[in-house]
Amino acid sequence: MSASPAYSEEKGGSSSLGEPEYGHDPASGGIFSSDYKRHDDLKEMLDSNKDSLKLEAMKRIVAMIARGKNASDLFPAVVKNVACKNIEVKKLVYVYLVRYAEEQQDLALLSISTFQRGLKDPNQLIRASALRVLSSIRVPIIVPIMMLAIKEAASDMSPYVRKTAAHAIPKLYSLDSDQKDQLIEVIEKLLADKTTLVAGSVVMAFEEVCPERIDLIHKNYRKLCNLLIDVEEWGQVVIINMLTRYARTQFLSPNQNESLLEENPEKAFYGSDEEDSKDDKLDAASLVKRKPYVMDPDHRLLLRNTKPLLQSRNAAVVMAVAQLYFHLAPKAEVGVIAKALVRLLRSHSEVQWVVLQNVATMSIKRRGMFEPYLKSFYIRSTDPTQIKILKLEVLTNLANETNISTILREFQTYIRSMDKDFVAATIQAIGRCATNIGKVRDTCLNGLVQLLSNRDELVVAESVVVIKKLLQMQPSQHSEIIKHMAKLTDNIQVPMARASILWLIGEYCEHVPKIAPDVLRKMAKSFTGEEDIVKLQVINLAAKLYLTNSKQSKLLTQYVLNLAKYDQNYDIRDRARFIRQLIVPTEKSGALNKYAKKLFLAQKPAPILESSFKDRDHFQLGSLSHLLNAKAVGYQELPDWPDEAPDPSVRNVEVPEWTKCTSREKRKEKVEKPFYSDSEGESGPTESADSEPESVSESESESGSSSSESGSDSGKEEEEEEEGKGRAPESLEEEEEQGKKGKKKKPQHEGKGGSETSWEEGSISESSSSESDSGSEAEESQSEPESKRRTTPPSSKPAPKASRKGTKEISLLDLDDFTPAPPQPASSPAIVSTSLVTDLEGLTLTDASLTPTMLSPVFSTVKTYELLHRMAGEGLSVEYYFNRQPFPPDPHMVAVQIQFSNNTESEVKNLRVSEPKLVSGMRIQEFQEIESLAPGDTANVIMGIDFCDSTQAANFQLCTHSRQFYVSIQPPVGELMAPVFMSENEFKKEQGKLTGMSEITEKLTLPDKCQSDHTIVQRVTAAANVSRVPCGVDNEYRFAAKTVTSGSLVLITLERKEGARAHLTVNSEKMVIGTMLVQDVSQALAQ
């Protein structure tokens, strides 16, 4: 300790003058009056010129504060050192000032210029500390200075200083709420910060200052979701809670359709046939009105990015994710939180208490979620009472007919406990189980009656109260139990139990006509010594006996009422007067006397024993308000789901420079848009803000040809530069191949329009791809780069030739026109032999177009869905689409084509599917494991999924050699079917069978751009995998398909009326599929 020599010398000097060391008055004694010169040594050290002494003094002062001792009298000495050059001293001075600046405001104001200088310090810690002290001085006069400091700090280079600025915002807001508008500007600026250090703090400031300004979150929503995993733990809690509220205002409820569908089987089971038919019609109508639910990609992004946090070491983070899933996730996915919450039950008792409060609420609505973990809620003898009672609550909520015997055996053991409160709660739990599960009611009642002979009075008393409630359900069957309980009035002294027995005897006095008057006699003797609650029941018993058995009880009743008339409690006096007027007829009693029997002996409904947690879920789980079951200060209500989804494009952000598309891709987009103008809008504005540039279009050869017709020379030069060098050998091979094929194709393509060509090409690609649907994904990866290469004509050729060549290129080899090509063409290994090319050369257009109306034309681009974003997948991006081809291993499965892209610099190994978590009935045919995927490489595989004719998602894990990713595939209803080819007569015959409930109709207005036959057929086939049926009427279009799993027919009829009006009819025995299909087709035609 460098301070000890100076310290001892100074003390020695003072004592040599003969002055007392601590007290001013020697008589007062040094120990008891040490305040006079307390901390003098520290003050001297702070006044020293040596930085080492100052540092030592500050360390001791900060240690004092940490131990809870008062060091406020040192404020003047400490504040002088705020300008100290030593950074370590300065940091500790700021720590002290943050603690005491609010108490010593005047002295702190004197040093405000020093704090302002500190804001310009080169050291980020000093800048942050200066801002922290400045915002801790709670004086309105310096609000403008604080405002300026916060604005400057919000633009600081250091994320730590920006984080401190975010912390200062709520302090300034609480000091002067008029600054709200300026503070919102700062919050908006900080919300755009891409640093994980700042994210949690600025969201906290947002929650404190302007939680209603949801519009500030729109542009930052995706960024917050993606940063969430790297934010510090307490920041994660704040962000998750805020995003829960945000999602409830911006997305539709994922369970809106399920709730409607779940009601149908119950009604069908319990209701009568007539009621069923009415209900079904109503449900059908409401289903038609309600749009089919498709989860917003941003909603899925939130669920996907929060799921890994269930493994967090911080219980608050796990609890926050659990409440998010409970409030936002589809019912099928909520189950994942159960395991994480059960893990928290191994934590400290305080954590257990909070978790069990939330589990008790969840287990009422989602009982099945916790049933597999029933044993985790069994009670240990070491558990505190409040934990035991909460576990009892959960066990009672989870009780059902299958596990009730196990739970009752547990309860039997608990009754022997020494903890009386716990035993009382157990008896109440038995009562609740008996109420909820009818088949064990008698067993429970017999068990509770046996407890009446227990030595412990509290056990007997609680049993009496519970038996009273159970007897109200079937009183006539249990008169023996009532007699047995009447005998207990001599022994039981607990007021509530005595009152319960008296109420039972009074209510069912006709079952015990001989015992009831005797009980009243005994109670009249001890009336004056009873508790108030018992006295009130004695008066009730007397009144009921007077009305039913006045011979035996008239005098007793008058005696009891006279005793009550002079009781000390005014409630009892009032009750006695009221009852006397009601039951004893006098001149003054009036008309009420006639109805005395109806009033007293009315049939009373049996009490419903409900959980105390039943209605708590209207508070956000995990919040203080939920814990207290009362609205706490600052609690933000959880909004209701919107009826209509707000515009998702508000979350779209301009793509930053580093992710912008190359000029080639831009040019492709420009060319494609007019070509596919009829079917645009499929991808929608819900693309992730920081996702990769869009994958290269599915119809590249077509766009390539049209771009080569319309593109300028400069465009071609750019394209060549981007594609790189070393293309000469490939382009020469292409020219040779195209030279061969061009001869065969030329006569068939001459004189054809753009739309006609695309029709033929669509039908060819479908027929030929169905012939070769057993081909491996290697064929696709080989042909896709070829189609890319063909889009770029060699620069040595003149422009006119290039354009002519482009038109010829729409060839039979472009079978993958409608499959998404990889973003970066990778050279795939030559697994497929060149025989495929020769086979395809042999095909002609006439082979494929025998009956064009019977085929399912693929007009629009196939919609690609994102399965795994490259950021979430750590460089591995996965997309999928429904290729509408039969799945050879199992015809009842939907074929899903998956494309993996390795955007990392290292090899990805052992790509496979594991642990599918499927709804009962669903099946998955996994693809063969991909042993390795080189950097920059792509691979295509096909997997089969049996969706059981439902649009519920198939959840599974995508595994690599080092990581596991939870992903899900949700099919649009149009992809759950396969085209069926039938004649007009067959169509009419089948349609006649599917009428009534199986027929769903919708009136719609066709827009101007959807008037031609070609466009209508294109849009219907884009929305659903159906084939066109021939029709002899001009203004009618017919389509047919069958569901992949069950083979149920789906028939679509579109009849055009006068003007732009049209009538859409869907016939299908699968009512839900038909309803959803009507909505999808209507939307497709209305675009």
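The structure we're discussing is the one just above.
1. Here we look at a nonpolar patch on the surface
Then, number 1: On the surface, a cluster of nonpolar side chains totalling about 310 Å² of accessible area is made up of Leu-592, Tyr-595 and Leu-599.
Then, number 2: With respect to the element layout, Leu-599 can be found in helix 35 (residues 596-600).
Then, number 3: According to the relative accessible area criterion, Leu-599 is partly exposed, its value standing at 49%.

2. A short note on the packing of aromatic side chains
Each aromatic ring pair is summarised here by two numbers: the centre-to-centre distance and the angle between the ring planes.
Then, number 1: For the structure on display, the rule yields twelve aromatic pairs.
Then, number 2: Where Tyr-880 meets Phe-882, the ring centres are 5.9 Å apart and the plane angle is 85°; that geometry is what we call edge-to-face. Note on accessibility: Tyr-880 and Phe-882 belong to one class, buried.
Then, number 3: Cluster of aromatic residues (ring-pair linked, three or more members): Phe-75, Tyr-96 and Tyr-100.
Then, number 4: If you follow Arg-99 out to its NZ or CZ, it ends over the ring of Tyr-100, 4.5 Å from the centre.
Then, number 5: Of note, Arg-651 hangs over the ring of Tyr-221, and the distance from its end group to the ring centre comes to 5.7 Å.

3. Examining the packing of helix 30 (residues 495-507) against helix 31 (residues 515-525)
Then, number 1: Running from N to C, helix 30 and helix 31 cross one another at 145°; their axes reach a closest spacing of 10 Å. The interaxial crossing formed by helix 30 with helix 31 has left-handed handedness. From helix 30, Arg-498, Leu-502 and Ile-505 reach across to helix 31, where they touch Ala-516, Val-519 and Met-523.
Then, number 2: Along the lines of polarity and charge, the residues of the contact of helix 30 with helix 31 split into five nonpolar, no polar and one charged.

4. A short note on helix 25 (residues 404-414)
Then, number 1: Among the residues making up helix 25, those that are buried are Ile-404, Ile-407, Leu-408, Phe-411 and Tyr-414. When helix 25 is viewed along its axis, its buried side chains cluster within an angular range of 110° and face the same direction. Within helix 25, the exposed residues directed more than 90 degrees away from the buried face are Arg-409 and Gln-412.
Then, number 2: Turning to helix 25, the residues buried within the fold contact helix 24 (385-398), helix 26 (420-436) and helix 27 (441-451).

5. Here's the deal with the nonpolar core
Then, number 1: Among the nonpolar cores identified, the biggest contains 202 residues, and Ile-61, Tyr-96, Leu-97, Leu-341, Met-362, Phe-377 and Phe-411 are the most heavily contacted of them.
Then, number 2: Setting aside chain neighbours within four positions, we find Phe-411 in contact with Leu-392, Leu-395, Thr-396, Thr-426, Ala-429, Ile-430 and Cys-433.
Then, number 3: Counting 61 residues, the second-largest nonpolar core is a separate cluster that includes Leu-867, Val-878, Phe-927 and Met-1076.

What counts and how
- Residues numbered from 1 in each chain as written.
- Predicted model: local features only at pLDDT ≥ 70, side-chain atom pairs only at ≥ 80, totals over all residues.
- Heavy atoms only, no water.
- Patch = residues over 30% accessible without salt bridge, like charges linked within 9 Å, V, L, I, M, F, W, Y side chains within 5 Å.
- Areas by Shrake-Rupley, 256 points an atom, 1.4 Å probe, with all protein chains shown as cover.
- Salt bridge = Lys/Arg side-chain N within 4 Å of Asp/Glu carboxyl O.
- Helix = DSSP H or I, 4+ residues; strand = E, 2+ residues; numbered from the N terminus.
- Buried < 20%, exposed > 50% of the residue type's maximum accessible area, 1.4 Å probe, protein only.
- Phe/Tyr/Trp six-rings, centres within 6.5 Å; stacked < 30°, edge-to-face > 60°.
- Lys NZ or Arg CZ within 6 Å of the ring centre and 35° of its normal.
- Axes fitted to C-alpha atoms, helices over the stretch in contact; angles between N-to-C directions.
- Left-handed = near helix turned anticlockwise from the far one by under 90°.
- Contact = heavy atoms within 4.5 Å.
- Nonpolar A, V, L, I, M, F, W, Y, C, P; charged D, E, K, R; others polar.
- Arc of directions from axis to C-beta.
- Core = buried A, V, L, I, M, F, W, Y, C linked by side-chain atoms within 4.5 Å.

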